[in-house]
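What follows is the residue order along each chain.
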Amino acid sequence: MSDDFVDSIACLYSATITESDGSYSIDVPEREIELGEIDPDSTIRVAIMREDTAETETPETVTTPRAPAEHPEPPVEEGDIREVTIESTGDQGDGIAKVDRGFVVIVPGARPGDDVTVKIDSVQPNYAVAEVVEEETTSAW
């Protein structure tokens, strides 16, 4: 994952695309508005990642400027040990898990469905990077 792209992530969640009268939409979870990462009156950038492949190109985006949101304190610290379930794969093939308040943890080498114990190596305002210290079950990947 490019550092510029990762550093610009305000929130990360999975959503289903819905169709209504020839128009398609993605719902934003209420918690993303409540945490202050997304202003409901602003235009945001959306990246669509394929679920079936780890290799995706950075999508073309359209945006209008908005004031940066204040980040709440990350719910993890360097050295923390957490049990997580890998939910998806990032564009470089890294596993993506979520912990408290939907905070994103990137786990290199992990695959969706893996239940792993990780050690937090580094913490940024929007995400953390962790390494697997114990693998409990492995996905079918």
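The structure we're discussing is the one just above.
Residues numbered from 1 in each chain as written. Predicted model: local features only at pLDDT ≥ 70, side-chain atom pairs only at ≥ 80, totals over all residues. Heavy atoms only, no water.

Draft legend 1. Structural context of the nonpolar core. Grouped together as the largest cluster of nonpolar side chains are 14 residues, with contacts concentrated most on Val84, Ile86 and Val107. Put simply, the parts of the chain that give this core at least two residues each are strand 5 (95–99), strand 6 (103–107), strand 7 (115–123) and strand 8 (127–137). With residues near it in sequence (within four places) discarded, Val84 still touches Ala97, Val99, Asp114, Asp115, Val116 and Val118. (Core = buried A, V, L, I, M, F, W, Y, C linked by side-chain atoms within 4.5 Å. Buried < 20%, exposed > 50% of the residue type's maximum accessible area, 1.4 Å probe, protein only. Helix = DSSP H or I, 4+ residues; strand = E, 2+ residues; numbered from the N terminus. Contact = heavy atoms within 4.5 Å.)

Draft legend 2. A look at the pattern of salt bridges. Tallied over the full model, the rule gives 2 salt bridges. In this structure, Asp100 engages Arg82 in a salt bridge whose closest nitrogen and oxygen atoms are separated by 3.5 Å. Taken as a pair, Asp100 in the loop between strand 5 and strand 6 and Arg82 in strand 3 (residues 81–85) lie far apart in primary sequence, 18 residues in all. A residue is classified by how much of its surface remains accessible, and Asp100, at 40% relative accessible area, is partly exposed. Judged by relative accessible area, which is 19%, Arg82 ranks as buried. (Salt bridge = Lys/Arg side-chain N within 4 Å of Asp/Glu carboxyl O.)

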